[in-house]
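# Topology and contacts: notes
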Amino acid sequence: MKVPLLDLQAQLAYLEEDLLAAVSRVVKSTRYIQGPEVEGLEQEIAEYCGSKYAVGVTSGTDALLICLMSLGIGPGDRVLTSPFSFFATMGVILRVGATPVFADIDPESFNIDTVKTAELLRADTEKKIKAIIPVHLYGQCAEMAAILELAKEFDVAVIEDAAQAIGAEYPLVIDGKTQYKRAGSMGTAGCFSFFPSKNLGGIGDGGMVVTDDADFAERLVLMRNHGAHPKYYHKLVGGNFRLDPIQAAALRVKLPHLERWHRQRAENAARYNRLFTEAGLLDQGKVLIPASVYLPNAGSEGEKRNLHIYNQYVLRVERRNELRDWLVGNDIGCEIYYPVPLHKQECLGSMASQISCPEAEKAADETIALPIYPELTSEMQEHVVKKIVQFYL
Ligand SMILES: *Cc1c(COP(=O)(O)O)cnc(C)c1O
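Residues numbered from 1 in each chain as written. Predicted model: local features only at pLDDT ≥ 70, side-chain atom pairs only at ≥ 80, totals over all residues. Heavy atoms only, no water.

## Observations concerning helix α4 (residues 88-95)
Counting buried positions along α4 yields six of eight residues, so the element is predominantly enclosed. Where α4 is concerned, the buried positions are A88, T89, M90, G91, V92 and I93. Check the buried side of α4 and you find it contacts α3 (60-70), β2 (78-81), β3 (99-102), β4 (129-133) and β5 (157-161). One or two positions beyond α4, positive phi appears at G97, with a value near 90°. (Buried < 20%, exposed > 50% of the residue type's maximum accessible area, 1.4 Å probe, protein only. Helix = DSSP H or I, 4+ residues; strand = E, 2+ residues; numbered from the N terminus. Contact = heavy atoms within 4.5 Å.)

Okay, here's the thing in C-alpha cells:
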C-alpha cells in the first residue's frame, strides 16, 4: 500500500469544480490586482482568527518580513526566536539587517522555551532585542501567556509565526476567565502562510498578517504596496507584497472546509496515538509522542478541547534516519521537519559555531513527520503503524 505524506488529489476530488469556478470568476472580472476577492478573504480571515484587521500578502515569508519592516527593525537590532523552525523565521530577521537571538526549545512541545526566553531578555541590558517571533510549530501554539507577559515587561513586539497553525487555539486567562484565542490573534501581529501543504493552502503562494492595531495595519497596507499613499507618493520604502486575487478566490473556496479538516487531522492523530500505544512501542520508549497536547486540555467547564491543528504529526524516535529509509522503501511518505536547526545553518557563517541549543539539535536528529492529511484512511494509518512496528521488532 502506498501512503503519501500529503495527497492534494484527494482534496481536489471534491473541490475541483468550485476551485475552477473561483479562478474563472477572477479571470472574467479582469480585477487582477487587489480587488474584492482579496478584500473578501481578508475580512473572512480576520473574523476566523478573532482579529480586527487582516492584510493579504504574497507569502508567509513576506508576512513575517513586512511585519519586521513595519516595526522599523533593522541593523543593530535583535529579534528573539526559536532555533527549530522553517528557515523563513530566521531569514526575515537577517534580511532586514537584524541579528537573530535563539532561545532553545521545550523538548515536549518543540516550541520556544519561555524560561530561556526570559533569561535572554534579562541579559539584554542594552535593550537590543526589539521583538520576539514565537513559532507555533506543527500546529500547536507556543506558551503565549508567558511570552506576552515577558513582552510587556521588556517592551518588545510579538510577531507570531502562525504559518503552521491557522485556527489553533490557546487558553489565555483574561480578567480571571479562560478565553480561547486563535493563533495569530494574541501578539502585536500574526503571520499565516497559504503554501499548499498548510492546513489552509492555496493553489500557489500566499500569506496574511492579522492584527488588532489599526496603525500597524495601516503601515502593513502601505508596506505591501511600495509604501505609497496616494499612488506615486511614497511615505515608506515598502515593496510589492500583494496577495494574488486568484489565490484569494481559491482560498475562499477552501476556508469553509477548514474546521472539518482540522477535526479530521485531530482524529487521525488520536488514531495514531491509540495504535502506537496498543502496539507497545510507547512503553518500550522506541517511539515517543510529543504531539500530545502539553497545555491543560480542558476548557473552563472541563470540556475537552483539542488546541492542536496537526499541520504535522511528529514523532520522536530511536534510529530516526534508518526508520526514514525504511518508510520510504515501503512507499510511506515521511519528512524531517527540520534536519538542521536554524542556528547551525551554513549561511550564518562563523556565528553558527558560537551558538548552542542542545534541545533543538536533539530534535533535529530524532523527529519524523508521518502522513496526517484529512483524507488519510484508517487502513492507511494501520498500515503505517504496522510497518513502524515491523521496523522496531
Ligand atoms: C511555511 C512556513 C513559513 C513560510 O511560508 P511561505 O508561505 O512558504 O513563505 C514560515 N514559517 C513557518 C514556520 C512555516 O512553516
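## Thoughts on helix α2 (residues 36-49)
Taking 1.5 Å per residue as the helical rise, α2 with its 14 residues ought to reach 20 Å, and the 20 Å between its terminal C-alpha atoms agrees with that figure. Among all positions of α2, only E37, V38, G40, L41, E42, I45, A46, Y48 and C49 are buried. Count one or two residues on from α2 and you reach G50, which has phi positive near 75°. (Expected span 1.5 Å × (residues − 1).)

## Things to note about the domain arrangement of the chain
One can read the domain layout of the chain as domain 1 (8-256) and domain 2 (258-392). Placing a centre on the C-alpha atoms of domain 1 and another on those of domain 2 gives a separation of 24 Å. Contacts between domain 1 and domain 2 engage 49 residues on the former and 43 residues on the latter. Contact between domain 1 and domain 2 buries roughly 3900 Å² in total, counting both sides, with carbon and sulfur atoms accounting for 62%. The interface formed by domain 1 and domain 2 includes one salt bridge. When contributions to the side of domain 1 that touches domain 2 are tallied by element, the ones reaching two or more residues are α1 (8-29), α4, β3, β6 (169-174) and β7 (177-182). The element that contributes the greatest number of residues to the side of domain 1 that touches domain 2 is α1, accounting for four residues. Along the lines of polarity and charge, the residues of the side of domain 1 that touches domain 2 split into 28 nonpolar, 14 polar and seven charged. (Domains from an automatic or database assignment. Buried area = accessible area lost by both parts, 1.4 Å probe. Salt bridge = Lys/Arg side-chain N within 4 Å of Asp/Glu carboxyl O. Nonpolar A, V, L, I, M, F, W, Y, C, P; charged D, E, K, R; others polar.)

## Thoughts on the packing of aromatic side chains
Given two aromatic rings, one states the distance between the centres and the angle between the planes to describe the pair. Tallied over the full model, the rule gives 10 aromatic pairs. Ring plane angle 80° and centroid distance 6.4 Å describe the contact between F84 and Y338, whose orientation is recorded as edge-to-face. Taken together, the positions of F84 in the loop between β2 and α4 and Y338 in the loop between α10 (320-329) and α11 (351-354) put the pair 254 residues apart, joining distant regions of the chain. F84 sits in the buried class, given a relative accessible area of 1%. A residue is classified by how much of its surface remains accessible, and Y338, at 13% relative accessible area, is buried. Between F86 and Y338, the ring centres sit 6.3 Å apart and the planes meet at 45°, which makes this aromatic pair tilted. On the criterion of sequence distance, the pair formed by F86 in the loop between β2 and α4 and Y338 in the loop between α10 and α11 is long-range, its members being 252 residues apart. In textbook terms, an aromatic cluster arises when at least three aromatic residues are bridged by ring pairs, as seen for F84, F86, F110, Y138, Y337 and Y338. (Phe/Tyr/Trp six-rings, centres within 6.5 Å; stacked < 30°, edge-to-face > 60°.)

## Brief notes about a nonpolar patch on the surface
Side chains of V27, Y32 and I33 sit close together on the surface and give an oily, nonpolar patch of about 300 Å² of accessible area. The exposure class assigned to Y32 is partly exposed, which follows from its relative accessible area of 45%. (Patch = residues over 30% accessible without salt bridge, like charges linked within 9 Å, V, L, I, M, F, W, Y side chains within 5 Å. Areas by Shrake-Rupley, 256 points an atom, 1.4 Å probe, with all protein chains shown as cover.)

## Thoughts on the site of the ligand
Around the ligand there are 15 residues in total, and G60, T61, Q164, S193 and K198 lie nearest to it. With respect to the ligand, the side chain of T61 contributes an N or O atom lying 2.5 Å from an oxygen atom. A distance of 2.7 Å separates an oxygen atom of the ligand from a polar atom in the side chain of K198. Protein contacts shield 93% of the accessible area of the ligand, which totals 390 Å² for the unbound molecule. Those elements that provide at least two residues to the shell around the ligand are α3 and α4. Across the shell around the ligand, the residue classes tally to five nonpolar, eight polar and two charged. (Near = heavy atom within 4 Å. Polar contact = N/O pair within 3.5 Å; in protein donor to acceptor, adjacent residues only side chain to side chain.)

## What to know about the sheet that holds β4
One open sheet holds the seven strands; their spatial order is β1-β9-β8-β5-β4-β2-β3, and the pairing between them is mixed. For this open sheet the edge positions go to β1 (53-57) and β3, each flanked by a neighbour on one side alone. Looking at each pair of strands side by side, their axes are set apart by 25° on average, direction ignored. When β5 meets strand β8 (residues 189-193), the two strands line up parallel, connected through three bridges. Within β8, the position partnered with E160 by the bridge is G190. Packing of helix α7 (residues 214-223) onto the sheet brings it into contact with β1, β8 and β9 (207-211), and relative to β1 it is tilted by some 15°. (Pairing = 2+ DSSP bridges. Axes fitted to C-alpha atoms, helices over the stretch in contact; angles between N-to-C directions.)

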